[in-house]
Amino acid sequence: MTQNLLRKILCSFFFVLGGILYSQTVTGTVSDAAGTLPGVNVIVKGTTNGAQTDLDGTYTLDDVASDAVLVFSYLGFKTQEIAVNGRSVIDVILEEDVAQLEAVVVVGYGNQVRKEITTAVTSVSEEEFNKGVINNASQLLQGKVAGLSVYNKGGNPNDNGIIRLRGLSTVGGNTEPLVVIDGVLGQSLNNVDPSDIKNITVLKDGSAAAIYGSRASSGVILVTTKSGRSNQPFSVEYNGQYGVSDAINEVEIMNRSQFLATGGTDLGSDTDWVDEVTRSAFSQVHNIAMSGGAENTNYRVAVNYRDTEGILLNSGFEQLNVRGNFTGTLFNDKLRINFNSAFTQRDSDFGFNEALRYAIVYNPTAPVFGDDAPFAFNSDQFGGYFETLGLFDSFNPVSIAEQNRNAGATTTINYNADFRYSFTDELTATLNVGQQVSRTDNNQYYPTTAFFRGGAVSPFRKGRADFYSNEARTKTLELFGSYNKTFNDFFRMKLDGGYSFQENDFNENYLQVGDFPPGVDFDFSNAIEVSQDLNEAGRIIANSGRNDDDRIIAFFLRGNFTFDDAIYLSASLRREGSSRFGEDNQWGTFPSVAVGADLNNYLQLDNVSLLKARLGYGVTGAIPPGVGLSQTTFNVTNGAGGFGSSSTGIGTRLANPDLKWEEKRELNFGIEFAMDRLSATVDLYNRDIVDFITSVQIDAASNNGFTSQFQNSGELNTKGFELTVNYDVVRNDRVNYNMGLVASTYETVLEKNVGGDRTIANLGAPGQNDTEVILVREGDEIGQIWGPVFTGEVDANGTPILADINGDGNVVADQGSALAEDGDFKVLGQGFPDWEIGWTHQVQFGNWDVNAFFRGAFGHSMVNTFRVFYEPRIGSQSSYNYVNTDLARDDIRTAQFSSYYVEKADFLRLDNLTVGYNFDLNDDSFIKSARVSLTAQNLFTITDYTGADPEPAFQDLGAVDNGGNTGNPEVLAPGIDRRYNYFQNRTITLGLNVKF
């Protein structure tokens, strides 16, 4: 053993000695086509022996083996590997990398070289997207773009979530960015499968978005789908995912023994209601894409199937999406034709979020089924389920989830054809035509045995069926040209200009009938003619609406100018008209100008490859949230008893021919910096939003009885800061580790408040209908939670003692005094976060890769409504369960909203952890590549918030069950964690990618 050890030591010694004897010094110069390059990394492959070029572009490397390989790398240039082969002098000329600084970025009506962009634009490629089971394309971007907030609070698979770019951009219209898919405006992210997306570009500031005019105040998201390539052999790619989700971070409540110890009513059972209405939810995703191409044509066809269950019983969706792309050229490549089409069929089970709400408060000693009741109970009347009769707002959660139906189906077909003709190398013209047709059919059914909304105990109306359908058609035609001219080495320009037309037609119908024959096991939604409502006037609810010829017409022009390959100027102008405005103000003008300079082109800083400063200003607009808001509306009076002719009653809304565009005026300053391993972008912006389109109460006496009118009124100001940093922590031939950080902060102040100072967002029943918790006050920041302060003490009756905030010796905390001078109210928190971050770690070693993504929000607070309603130990509510968080106190026996129920909701979440392995395959193998991956989503959350989900609530749907205000959310009321919110879930996904 000793001899073997000695032999190994001697062999190692002579091997090292030989390497030293045969090593040498290598010198040389690194340059590009324009001259020498300082700051280039030169490293001996497989070692840590390296150097950087100096100001003259020269380098020196010692101890280089004669058979070594040198690696030359520099941001914006292609990495080169050169064998030494005994040479002592090696000069290298690096080639610019089109995929980096010269990369072409989609910016709307054309492309632009990345380094010449003068606006706040972020492009996210397929490799950077979030992994796992992604149900909506917006989730691909979650935490990836500084200033872009994407939240799906709770994780309902049928919920699109909320998208906000740089905070609130309007109070009455669309608060989400305009979506453009393959050049077609006004699309929905639901209509493109995440597997078919190649790249997403976000236009963040006004100077970038102004080219899109009236619908760009909330920003623009440009989606580019995948396509085939010319001269590409036929290939097939399969992507499959299998996932399982489970509920986590449930609201803490009492179990049976705790409930009884508090004095709860004992019904003899031990039921975990949350467990009864939730499940392990399984998901599967299958994507098959076929692509190929010849010299003048290419194509891609993809079939996507998704079957996603929700953790709530009877919730989830099944979706089939087919997308095709064809590109061909004619007339010696002068005419390029690009055709895209897609078909999407989605069948949804929406379930009932109320089942989750009542699972929190339903008596934990109550049985699921009536046969297990501790007393005589007519189970058949309730479909076999137990119900706690005679109580306010108390329904069996399992009965809600299993007896009732809440389903829908949406079919969408769209296409667009793009014809581009090149008259010369400098002049092109493009014609883009497209159409989308979408139809939705939703229905709800409550059988005669349903206690919840089914009227199982009603002597008059048992059972109910709701039907809703709509059809939306969008037609688009755009014609624009591009002129690209290089005059000399110092100056070049590109001009884009054209015409845009879009028309939207929409119609909808709603019908509700009920009172079906009891005692019959039949789905009467398929036989509504037996409804007794048909014989009872006033019971039927029927509504319909139609909006045709909703048009937008625009003319636009943009110029990009480059001087000395380092100074960039961009300007655009869009003139746009919309049929939604008053006849005197249908046209608006949206200008922008931006300038940028690559300062390093003149400073030549050591080791710096890019130092660009840019400044931009742009005006964008917002159209009214509906059609006809500038026109008069009237009430209709029917004949008595349903007989006789109807007549037009007194007007309710006065016409406003002067109704005009809502405008956003934004100034943005940015710095972009890059070295070999480090790149960073900083943006500062200030924006004013003026002329809100809002409904204003007017004096009926002086306006012929009209009580309201849509007017332009109100102003917002937002100031913000955004940071993006990427750093290659380790980069060699064995391991690559990149870390990225995006962070953003902003503050929005209501500068002008025509509606008057007020409080909004009441908590609702039971007992909190008059409690409004959000302050809207001119000159204040938006999103302030408002209320009395809990001193921490309780009186003899169990009522919380509130603070005398103004020190006048008298506590005035009734809701009617919320804004009174002597009222004892104060700001209890802020609904919007101070900071939002995304923190990415990407590691590659050999065939393995690891991606860890953390997401967090800090500085926001939440009104925990479950605690407000169900945490106080109210003796008269002994038949309801109690919320039992760490903050609960047994001595509080009165429901009184105060600072006690407003919690800081800072969180940091490991949102996505993916480990992947790429198999080594032979070049002549039938399978060209194969990869397997394992992804964990929502792995853990660090937070002190006691509710189910600390993610910010950016808007409020009101106190109605299941979010009954979905059509008109209150965007001025963030920060309320409502009782109908979906629970969080954790998902583990196995993925397989194979290319043939």
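Quick look at the structure, then. Values in this document were obtained by computation on a predicted structure and should not be read as measured data.

Points about the overall build of the protein chain
Alright, step 1. When its secondary structure is counted, the protein chain shows 8 helices and 51 strands.
Alright, step 2. Compactness check: the protein chain gives a C-alpha radius of gyration of 32 Å against a globular reference of 30 Å for 996 residues, within 12% of the reference.
Alright, step 3. Once the C-alpha set of the protein chain is aligned to its principal axes, its extents read approximately 100 × 85 × 70 Å.
Alright, step 4. The buried share among the 996 residues of the protein chain stands at 52%.
Alright, step 5. Long-range contacts, defined as pairs at least 24 residues apart, comprise 69% of the intrachain contacts of the protein chain with a sequence gap of at least 6.
Alright, step 6. Surface accessibility of the protein chain: about 42,900 Å² in total, with carbon and sulfur atoms responsible for 53%.
Alright, step 7. The positive charge centre, built from 73 side chains, and the negative charge centre, built from 123, are 5 Å apart in the protein chain.

Details of the environment of serine 195
Alright, step 1. Looking at the secondary structure, you find serine 195 in the loop between strand E14 (178-181) and strand E15 (197-203).
Alright, step 2. Taking the C-alpha atoms as reference points, serine 195 and threonine 225, separated by 30 residues in sequence, lie 9.1 Å from one another.
Alright, step 3. Those residues in contact with serine 195 that lie beyond four places of it in its chain are Lys226, Asn287, Arg300, Asn304 and Arg306.

Looking at the sheet that holds strand E50 (residues 976-977)
Alright, step 1. Pairing is mixed across the open sheet formed by 3 strands, whose spatial order is E47-E46-E50. The two strands at the open ends of the sheet, each matched to only one other strand, are strand E47 (902-904) and E50.
Alright, step 2. Pairing analysis gives 3 bridges linking strand E46 (residues 861-864) to E47, with the strands arranged antiparallel. Of the residues in E47, the one forming a bridge with serine 861 is lysine 904.

Things to note about the side chain of threonine 946
Alright, step 1. Checked against the element boundaries, threonine 946 lands in the loop between strand E49 (929-943) and E50.
Alright, step 2. On the basis of relative accessibility, which here comes to 12%, the residue threonine 946 falls in the buried class.
Alright, step 3. Separated by 2.7 Å, the side chains of threonine 946 and glutamate 903 make a polar contact.
Alright, step 4. Contact partners of threonine 946, with chain neighbours within four places excluded, come to Asn864, Arg867, Thr885, Leu887 and Glu903.

So, the packing of aromatic side chains
Alright, step 1. In this structure the tally under the stated criterion is 44 aromatic pairs.
Alright, step 2. Here tyrosine 59 and phenylalanine 72 contribute two aromatic rings whose centre-to-centre distance is 5.7 Å and whose plane-to-plane angle is 75 degrees, an arrangement assigned as edge-to-face. Of this pair, tyrosine 59 sits in strand E5 (residues 58-65) while phenylalanine 72 sits in strand E6 (residues 69-73), and the two are 13 residues apart along the sequence.
Alright, step 3. Take phenylalanine 72: its relative accessible area is 0%, and that puts it in the buried class.

Focus: a nonpolar patch on the surface
Alright, step 1. A grouping of Ile567, Leu569, Val593, Val595, Tyr602, Leu615, Tyr617, Leu667, Phe669 and Leu684 is seen on the molecular surface, where their side chains present a nonpolar patch of about 810 Å² in accessible area.
Alright, step 2. Here valine 595 lies in strand E28 (residues 587-598).
Alright, step 3. Valine 595 gets classed as partly exposed once you look at its relative accessible area, which sits at 39%.

Quick word on the environment of phenylalanine 706
Alright, step 1. One can find phenylalanine 706 in the loop between strand E34 (693-697) and strand E35 (708-712).
Alright, step 2. Taking C-alpha positions, phenylalanine 706 is 9.3 Å from threonine 633, a pair spaced 73 residues apart along the chain.

Observations regarding the nonpolar core
Alright, step 1. Within the largest apolar cluster, 76 residues are counted, with the highest numbers of intra-cluster contacts made by Ile360, Val773, Ile774, Val863, Phe897 and Phe983.
Alright, step 2. Where this core is concerned, the elements lending two or more residues are helix H4 (273-277), helix H5 (353-361), helix H6 (397-403), strand E33 (678-690), strand E37 (735-752), strand E38 (758-764), strand E39 (768-776) and helix H8 (865-870).
Alright, step 3. Contact partners of phenylalanine 897, with chain neighbours within four places excluded, come to Leu763, Gln768, Thr771, Val773, Trp786, Gly787, Pro788, Leu828, Val863, Val868 and Val902.
Alright, step 4. In terms of nonpolar packing, the next biggest core, distinct from the first, is built from 20 residues, Val124, Ala137, Ile163 and Ile197 among them.

Details of empty space enclosed by the protein
Alright, step 1. According to the stated counting rule, one finds 8 cavities of 30 Å³ or more in the structure shown.
Alright, step 2. There is about 610 Å³ of room inside the largest cavity.
Alright, step 3. Lining the largest cavity we find 39 residues, and of these Gln139, Asn152, Gly155, Gln937 and Asn985 sit closest to its centre.
Alright, step 4. When residues in the lining of the largest cavity are grouped by element, the largest group, 4 residues, is from strand E51 (residues 984-995).
Alright, step 5. For the lining of the largest cavity, a count of residues per class yields 6 nonpolar, 23 polar and 10 charged.
Alright, step 6. By volume, the second largest cavity is sized at about 150 Å³.
Alright, step 7. Lining the second largest cavity are 17 residues; nearest its centre among them are Thr119, Ser207, Ala208, Arg558 and Ser570.
Alright, step 8. Of all the secondary structure elements, the ones that give two or more residues to the lining of the second largest cavity are helix H2 (206-209), strand E26 (541-563), strand E27 (567-578) and E28.

Here's the deal with the pattern of salt bridges
Alright, step 1. Considering all chains together, one arrives at 47 salt bridges under this definition.
Alright, step 2. For arginine 551, the salt bridge is made with aspartate 549, and the minimal N-O distance between the two is 3.7 Å.
Alright, step 3. The partly exposed category is assigned to aspartate 549, whose relative accessible area is 40%.
Alright, step 4. Measuring nitrogen to oxygen at the nearest pair gives 2.9 Å for the salt bridge that ties glutamate 871 to arginine 867.
Alright, step 5. What makes glutamate 871 buried here is its relative accessible area of 2%.

Some points on the pairing of strand E48 (residues 907-918)
Alright, step 1. The pairing of strand E45 (residues 848-858) with E48 spans 10 bridges and is classified as antiparallel. Bridge pairing in E48 places asparagine 851 opposite threonine 914.
Alright, step 2. Examined bridge by bridge, E48 and E49 share 11 bridges and lie antiparallel to one another. Note that in E49 the partner of tyrosine 917 across the bridge is valine 932.

A word on unusual backbone geometry
Alright, step 1. Between alanine 765 and the following residue, proline 766, the backbone shows a cis peptide bond with an omega angle of 0 degrees.
Alright, step 2. Relative to the helices and strands, proline 766 resides in the loop between E38 and E39.
Alright, step 3. Despite not being glycine, glutamine 604 shows a phi value in the positive range, around 50 degrees.
Alright, step 4. Checked against the element boundaries, glutamine 604 lands in the loop between helix H7 (600-603) and strand E29 (608-622).
Alright, step 5. You can call glutamine 604 partly exposed: its relative accessible area is 43%.

Notes on the sheet that holds strand E3 (residues 41-44)
Alright, step 1. If you trace the 4 strands from one edge of the open sheet to the other, you get E4-E3-E6-E7, paired in antiparallel fashion. Because the sheet does not close on itself, it has two edges, and the strands there are strand E4 (50-52) and strand E7 (80-83). Along the sheet, successive strands turn relative to each other by an average axial angle of 20 degrees, direction set aside.
Alright, step 2. Inspection of the sheet shows E3 paired to E6 by 4 bridges, in the antiparallel sense. What sits directly across from isoleucine 43, in E6, is valine 71.

What counts, and at which threshold
- Residues numbered from 1 in each chain as written.
- Predicted model: local features only at pLDDT ≥ 70, side-chain atom pairs only at ≥ 80, totals over all residues.
- Heavy atoms only, no water.
- Helix = DSSP H or I, 4+ residues; strand = E, 2+ residues; numbered from the N terminus.
- Rg over C-alpha atoms; globule rule 2.2 N^0.38 Å.
- Buried < 20%, exposed > 50% of the residue type's maximum accessible area, 1.4 Å probe, protein only.
- Contact = heavy atoms within 4.5 Å.
- Areas by Shrake-Rupley, 256 points an atom, 1.4 Å probe, with all protein chains shown as cover.
- Lys, Arg positive; Asp, Glu negative; His and termini not counted.
- Charge placed at Lys NZ, Arg CZ, Asp CG, Glu CD.
- Pairing = 2+ DSSP bridges.
- Polar contact = N/O pair within 3.5 Å; in protein donor to acceptor, adjacent residues only side chain to side chain.
- Phe/Tyr/Trp six-rings, centres within 6.5 Å; stacked < 30°, edge-to-face > 60°.
- Patch = residues over 30% accessible without salt bridge, like charges linked within 9 Å, V, L, I, M, F, W, Y side chains within 5 Å.
- Salt bridge = Lys/Arg side-chain N within 4 Å of Asp/Glu carboxyl O.
- Core = buried A, V, L, I, M, F, W, Y, C linked by side-chain atoms within 4.5 Å.
- 1 Å grid on protein atoms, 1.4 Å probe; cavity = no way out; pocket = protein on both sides within 12 Å on 5 of 7 lines; lining within 4 Å.
- Points joined across faces, edges and corners; volume = space filled by probe spheres on them.
- Nonpolar A, V, L, I, M, F, W, Y, C, P; charged D, E, K, R; others polar.
- Axes fitted to C-alpha atoms, helices over the stretch in contact; angles between N-to-C directions.

Such coordinate-based values are descriptive only and should not be taken to indicate function.
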